[in-house]
Amino acid sequence: MTVKPILFAALLAPPALCHAALFSGLATMTSGPTTQLGTIVNSAITITNTPTAFTVAGFVDIQVPAGAVSGTLLQFTVDRPLNAAYFPPVSTLSTTTTLTGFSAPPAGSTFGPTSGTTNTEFNLYPGVLFSKSNIPLLLTNGAAVWLSLSNTSPLFVYTTGGTQYVRQTFDLDGVILTGPGGIWTVDFPITSEVVPEPMSFLALGMGVLALVRRKKR
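Conventions used here
- Residues numbered from 1 in each chain as written.
- Predicted model: local features only at pLDDT ≥ 70, side-chain atom pairs only at ≥ 80, totals over all residues.
- Heavy atoms only, no water.
- Helix = DSSP H or I, 4+ residues; strand = E, 2+ residues; numbered from the N terminus.
- Buried < 20%, exposed > 50% of the residue type's maximum accessible area, 1.4 Å probe, protein only.
- Contact = heavy atoms within 4.5 Å.
- Areas by Shrake-Rupley, 256 points an atom, 1.4 Å probe, with all protein chains shown as cover.
- pLDDT = per-residue confidence, 0-100.
- Patch = residues over 30% accessible without salt bridge, like charges linked within 9 Å, V, L, I, M, F, W, Y side chains within 5 Å.
- Salt bridge = Lys/Arg side-chain N within 4 Å of Asp/Glu carboxyl O.

Enquirer: Looking at this model, I keep getting lost on the overall build of the protein chain. Mind explaining?
Expert: If you tally the helices and strands in the protein chain, you get 3 helices and 12 strands. A total of 217 residues make up the protein chain; the buried ones form 39% of that total. When contacts within the protein chain are restricted to residue pairs at least 6 apart in sequence, those whose partners lie at least 24 apart make up 81%. Per element, the accessible surface of the protein chain, about 10600 Å² overall, is 64% carbon and sulfur.

Structure below.
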């Protein structure tokens, strides 16, 4: 194969191949799942990793007591380490968080309105002005259905090096006013994806082209 076909193949390669070394390991649960409303009696959560993303899927059943109770309904954190040798060492990225699922409170109870959030961010580039893609969560009478909710962060300039990771957080409150108690189920998959800015691939390709031309000279 000649130089030009190699170059064109690199420019046309899909983002997943170009970013195969973005992460240095698998995503793991680093906090939770926890609740302040009762006891977690059943939890089935799996984590699936791809070259540029990870998905946390499953459900959590929470046994809530009779009477009034309030606090965190469900909270957990998942981290995936970034590769300090990732190439290119400076790149323009964004994150995207996608959620599908539901909240199903126990029957026969009354609830107050509550809120929460699920989001994705780089630990060294935190916040909605940088890498955070944030999905607000609202419960009406304790219930909600989330159908392919998605949010993408602003573009930010990422520089490799040091201890860096991508963090996914789920944090949702619950308020029970009255009722006999029972099982409160929270169901999801949540996907955290790192999205390369398309122009970064063009810049990388132009750099390779310039290097090839210089070598030929």
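Right, picking up where we left off after that structure.
Enquirer: Is there a simple way to think about the confidence of the model for the protein chain in this case?
Expert: Low pLDDT marks regions whose predicted coordinates should not be analysed in detail. Mean pLDDT over the protein chain stands at 88; residues scoring 70 or higher make up 82%. Of the regions scoring below 50 in pLDDT, residues 201–212 engages in 11 contacts with residues more than four places distant in sequence or in other chains.

Enquirer: Would you take a moment to explain the side chain of threonine 118 for this structure?
Expert: Mapping threonine 118 onto the fold places it in strand 7 (residues 114–122). Judged by relative accessible area, which is 0%, threonine 118 ranks as buried. Every residue in contact with threonine 118, bar those within four places of it in the chain, is listed here: Thr97, Leu99, Ser133, Asn134, Ile135, Leu137, Thr169, Phe170 and Ile190.

Enquirer: What am I meant to see in a nonpolar patch on the surface here?
Expert: Judged by side-chain polarity, Phe102, Val145 and Leu147 come together as a nonpolar surface patch covering roughly 320 Å² of accessible area. For leucine 147, the location among the structural elements is in strand 9 (residues 144–152).

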